[in-house]
Amino acid sequence: MKKTLILGLLLSAVAVVAQPKIGDRAELEKKKEKIEAIKVAYLTEKLELTVAESQAFWPVYNERQNKEHELRELQRSGFKKLIGDEPSEKEVEKMLYSFADTQIAIEELRKSYLEDFIDVIGAKKTAKLLRAEKEFGRRMIERMGSRDRSRDRSRGPGPNGGRPMR
């Protein structure tokens, strides 16, 4: 649990620090929309949804995604408060517990939607959904990693012939 909490904290902190400049927001929104479209196609294919299932499934799925996004934004806002300040030990402790509470809320939200998904697409396809979501996330991370590696190669070697510096 501690490792998961620390990993989540680090990933969220990196996400906050890596926020785009104001001019990049439009480009970021386009990328988000493109990823969402790819995700919809991917999940539709993996779940083999019928037209009727799709019509019932996507509103429920989008509702859950929106609620989960709100919780993640709440989490990010806590980290943003700590950037630029030299937080006290108490402030960091409070933020850590808040982070953990939000993670639990996200998992409880996901659990609360299981029954809805089972009602709409059945238990087997719900299990496929959970697997496909994880697989999609893993593939996106791999894709971003390979894109970074190809960008590194185009920059040439870094100091001492190693990986290029960023």
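Residues numbered from 1 in each chain as written. Predicted model: local features only at pLDDT ≥ 70, side-chain atom pairs only at ≥ 80, totals over all residues. Heavy atoms only, no water.

**Comments concerning the environment of V40**
Here is step 1: Take V40: it is sitting in helix α2 (residues 25-47).
Here is step 2: Sequence-wise, V40 and W58 are 18 residues apart; in three dimensions their C-alpha atoms are separated by 8.8 Å. (Helix = DSSP H or I, 4+ residues; strand = E, 2+ residues; numbered from the N terminus.)

**Some details on the side chain of T102**
Here is step 1: Relative to the assigned elements, T102 resides in helix α4 (residues 89-121).
Here is step 2: Once residues lying within four places of it in the same chain are set aside, the contact partners of T102 are L71 and Q75. (Contact = heavy atoms within 4.5 Å.)

**As for α2**
Here is step 1: With 23 residues, α2 ought to run about 33 Å at 1.5 Å a step, and its terminal C-alpha atoms sit 32 Å apart, in line with that.
Here is step 2: For α2, the full list of buried residues reads K39, Y42, L43 and L47.
Here is step 3: In the stretch just after α2, E48 is the one whose phi turns positive, near 50 degrees. (Expected span 1.5 Å × (residues − 1). Buried < 20%, exposed > 50% of the residue type's maximum accessible area, 1.4 Å probe, protein only.)

**A word on the pattern of salt bridges**
Here is step 1: Using the criterion set out here, one finds 13 salt bridges in the structure.
Here is step 2: Between R64 and E68 there is a salt bridge, with the nearest N and O atoms lying 3.9 Å from each other. Taken together, the positions of R64 and E68, both in helix α3 (residues 51-82) and 4 residues apart, correspond to about one turn of that helix.
Here is step 3: Looking at R64, the relative accessible area reads 1%, which means it is buried.
Here is step 4: Of the charged contacts in the structure, one is a salt bridge between R139 and E135, with a shortest N-O distance of 3.3 Å. On the criterion of helical spacing, the pair formed by R139 and E135 is a turn pair, its members being 4 residues apart in helix α5 (residues 123-155).
Here is step 5: Classification of R139 by relative accessible area gives partly exposed; the value is 45%.
Here is step 6: Salt bridges linked by common partners bring R64, E68, R72, R110 and E133 together as one network. (Salt bridge = Lys/Arg side-chain N within 4 Å of Asp/Glu carboxyl O.)

**Some remarks on α3**
Here is step 1: With 32 residues, α3 should reach 46 Å at 1.5 Å per residue; the first-to-last C-alpha distance of 47 Å fits that figure.
Here is step 2: At F57, α3 is deflected by roughly 30 degrees, the largest bend along its length, and proline P59 occurs up to four residues later in sequence.
Here is step 3: Listed as buried for α3 are E53, S54, F57, W58, V60, Y61, R64, Q65, E68, Q75, F79 and L82. (Bend = angle between axes of the 7 residues up to and from the residue.)

**Topic: the confidence of the model for the protein**
Here is step 1: Considering every residue of the protein, the mean pLDDT works out to 81; 74% of them sit at 70 or more.
Here is step 2: Within the protein, α4 carries the highest mean pLDDT (93), whereas helix α1 (residues 2-17) carries the lowest (42).
Here is step 3: Note on residues 1-18: pLDDT is under 50 here. Beyond four places in sequence and across chains, it has 16 contacts. (pLDDT = per-residue confidence, 0-100.)

**Some remarks on the side chain of Q75**
Here is step 1: Following the sequence through the fold, Q75 ends up in helix α3.
Here is step 2: Assessed through its relative accessible area of 8%, Q75 is described here as buried.

**Brief notes about the nonpolar core**
Here is step 1: Counting 16 residues, the largest nonpolar core has L43, F57, Y61, F117 and L129 as the members making the most contacts within it.
Here is step 2: Listed by contribution, the elements that provide at least two residues to this core are α2, α3, α4 and α5.
Here is step 3: Setting aside anything within four residues of it in sequence, one finds F117 in contact with F57, V60, Y61, R64, G122, T126 and L129. (Core = buried A, V, L, I, M, F, W, Y, C linked by side-chain atoms within 4.5 Å.)

**Thoughts on the packing of α2 against α3**
Here is step 1: Where α2 meets α3, the axes come as close as 13 Å, and the angle between the chain directions of the two elements is 130 degrees. Taken together, α2 and α3 sit at an angle that is classed as oblique. With respect to the hand of their crossing, α2 and α3 are arranged in right-handed fashion. For the pair α2 and α3, the contacting residues are K39, V40, L43, T44 and L47 in the first and F57, W58, Y61 and Q65 in the second.
Here is step 2: Of the residues contributing to the contact of α2 with α3, the split by class is 6 nonpolar, 2 polar and 1 charged. (Axes fitted to C-alpha atoms, helices over the stretch in contact; angles between N-to-C directions. Parallel < 35°, antiparallel > 145°, perpendicular 65-115°, else oblique. Left-handed = near helix turned anticlockwise from the far one by under 90°. Nonpolar A, V, L, I, M, F, W, Y, C, P; charged D, E, K, R; others polar.)

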